[in-house]
Amino acid sequence: MDTDQVAALEEMLKEASSEIAEAEDEAALERARVRWLGRRDGRLTEVLRGLGSLPAQERGAVGAAANRAKEAIGQALERRARALAEKGVEEAPPGVDLTLPGRDGWQGAVHPVTSVIDEICDIFRGLGFTRARGPEVETVWYNFEALNTPLDHPAADEHDTMYLGPCTVLRSHTSPVQIRTMQAHQPPVRIVVPGMCYRRDPFDASHAPAFEQIEGLAADEGITFVEFKWTLAEFARRFFGPETRTRFRPSFFPFTEPSAEVDVTCMICGGAGCSACKGTGWIEIMGAGMVDPAVFEQVGYDPERYTGFAFGMGPARIAMLRYGIPDIRMLYDSDVRFLEQFAR
Ligand code: PHE
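Predicted model only: the values in this text are computed from it and were never measured.

A. Region of the structure containing the packing of aromatic side chains. In this structure the tally under the stated criterion is 17 aromatic pairs. Taking 5.4 Å as the distance between ring centres and 80 degrees as the angle between the ring planes, the aromatic pair formed by F228 and F248 counts as edge-to-face. Pair noted here: F228 is in helix α9 (residues 225-240) and F248 is in strand β6 (residues 246-253), with a separation of 20 residues, a long-range link. We note that F228, like F248, is buried. Aromatic ring contacts, followed pair by pair, group F124, F129, F225, F228, F235, F239, F240, F248, F309 and F311 into a single cluster.

Below is the structure:
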């Protein structure tokens, strides 16, 4: 009886080994494992489970044989699994070497200027401003005259741009979208306008002949200088950090009165003075002002009833400040070694 059982186990081992050796794929191998070693009714599992009911003098020899068979089947399964995996490698399509190390997947990212634009527009959305757009090819009227800038005014010289025809230009700022929006909508108007602008500027470390601007305009009843200053100071705190202070320096734009350049405390030195702020502790981030009544007259708003403010900033410059980029051209070179630093 004892020897019969041991012989039967050897027979099972043979059968199992040849089934495993013939398994053509992982699924067949798994079926073989379940048939022989499956927890519930694997054939060898059943033998092992039955050991307890054997007479004591048989238990030792049969138990030893059963455990040997279990181990042998386990090893055969492993060997076959390895062989199948290697076969997979051998069968890789021609020209594909599956033993080469893996490569990182390419990760794209939003351009730093685009992400600054989105962040700025999001902040202004939180302050009640919607996003508007306008054409990059403008008429001279929208780009200059409607903005209270006669062509023979010295302010027009600073905005020398590319003429596409006698009356059409590549817009030199996003301010014409102020006019277009006010022509299309009655107050209240609160908009931010991101977009490309063009000027006959050199392409150097701090200028680009094609660059982004974000325009802002608020026009409503009862807007005062207080709302103007608070809105821009609050924007600066939300964008640069809660400690940021803001300063308004008198300036001139034909379409705002009074006009200001807006400075924020230098984000590098916190206002103590460093090379980034040329020792002043302040960095200029935009031009701004209260809307000139002459502009309201152009679009048919009653200047006795409505007041407002406007501002314009360059997100590329702001991206340079934020990320410590020394040359504006790096933002337009499309050099992946530079840009991939902004992939999150
Ligand atoms: N359009 C002006 C410029 O490009 C900036 C500006 C916008 C100033 C709105 C005041 C108000 O220089």
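There is more to say, and it comes next.
B. Focus on the environment of V110. Relative to the elements of secondary structure, V110 occurs in the loop between α4 (56-90) and α5 (112-126). Judged by relative accessible area, which is 46%, V110 ranks as partly exposed. Residues V110 and L339 lie 229 residues apart in sequence; the distance between their C-alpha atoms is 9.0 Å.

C. Spotlight on the environment of E22. In this structure, E22 sits in helix α1 (residues 2-22). Take E22: its relative accessible area is 59%, and that puts it in the exposed class. Each C-alpha atom, one on E22 and one on T256, is 87 Å from the other, the two residues being 234 residues apart in sequence.

D. Up close: the site of the ligand. The full set close to the ligand counts 15 residues, and H173, S175, R199, Q213 and F311 are the nearest of them. A distance of 2.9 Å is found between a nitrogen atom of the ligand and a side-chain nitrogen or oxygen belonging to S175. The separation between an oxygen atom of the ligand and a polar side-chain atom of R199 is 2.8 Å. Ranked by residue count, the leading element in the shell around the ligand is strand β9 (residues 306-313), at 3 residues. Of the residues in the shell around the ligand, the class split is 5 nonpolar, 8 polar and 2 charged.

E. Main features of the packing of α5 against helix α11 (residues 315-323). For the pair α5 and α11, the least separation of the axes is 9 Å and the interaxial angle reads 100 degrees. If you check the angle between α5 and α11, you find them roughly perpendicular. In this structure, α5 uses P112, V113, S115, V116, I117, E119 and I120 to contact α11, whose residues at the interface are P315, A316, I318, A319, R322 and Y323.

F. Local environment of α9. Between its first and last C-alpha, α9 extends 22 Å over 16 residues, near the 22 Å set by a 1.5 Å rise per residue. When we look at burial in α9, the residues that qualify are F228, T231, L232, A233, E234, F235, A236, F239 and F240.

G. Local environment of the sheet that holds strand β8 (residues 282-291). Taken in spatial order, the 7 strands make up an open sheet running β1-β4-β5-β9-β8-β7-β6, and their pairing is mixed. The strands lining the two open edges of the sheet, one partner per strand, are β1 (130-131) and β6. Sheet analysis places strand β7 (residues 256-265) next to β8, joined by 8 bridges and oriented antiparallel. Its bridge partner lying in β8, T265 is registered against W282. The sheet contacts of α9 involve β4 (189-198), β6, β7, β8 and β9, and relative to β8 the element is tilted by about 150 degrees.

H. Up close: the pairing of strand β5 (residues 210-221). Taken across its 12 residues, β5 has 10 buried, putting it largely inside the fold. With 10 bridges connecting them, β4 and β5 associate as antiparallel partners. Directly across from V189, in β5, lies its bridge partner A219. Where β5 lies against β9, 8 bridges are found, and the strand directions are antiparallel. When the sheet's bridge partners are listed, D220 is paired in β9 with T307.

Conventions and cut-offs
- Residues numbered from 1 in each chain as written.
- Predicted model: local features only at pLDDT ≥ 70, side-chain atom pairs only at ≥ 80, totals over all residues.
- Heavy atoms only, no water.
- Phe/Tyr/Trp six-rings, centres within 6.5 Å; stacked < 30°, edge-to-face > 60°.
- Helix = DSSP H or I, 4+ residues; strand = E, 2+ residues; numbered from the N terminus.
- Buried < 20%, exposed > 50% of the residue type's maximum accessible area, 1.4 Å probe, protein only.
- Near = heavy atom within 4 Å.
- Polar contact = N/O pair within 3.5 Å; in protein donor to acceptor, adjacent residues only side chain to side chain.
- Nonpolar A, V, L, I, M, F, W, Y, C, P; charged D, E, K, R; others polar.
- Axes fitted to C-alpha atoms, helices over the stretch in contact; angles between N-to-C directions.
- Parallel < 35°, antiparallel > 145°, perpendicular 65-115°, else oblique.
- Contact = heavy atoms within 4.5 Å.
- Expected span 1.5 Å × (residues − 1).
- Pairing = 2+ DSSP bridges.

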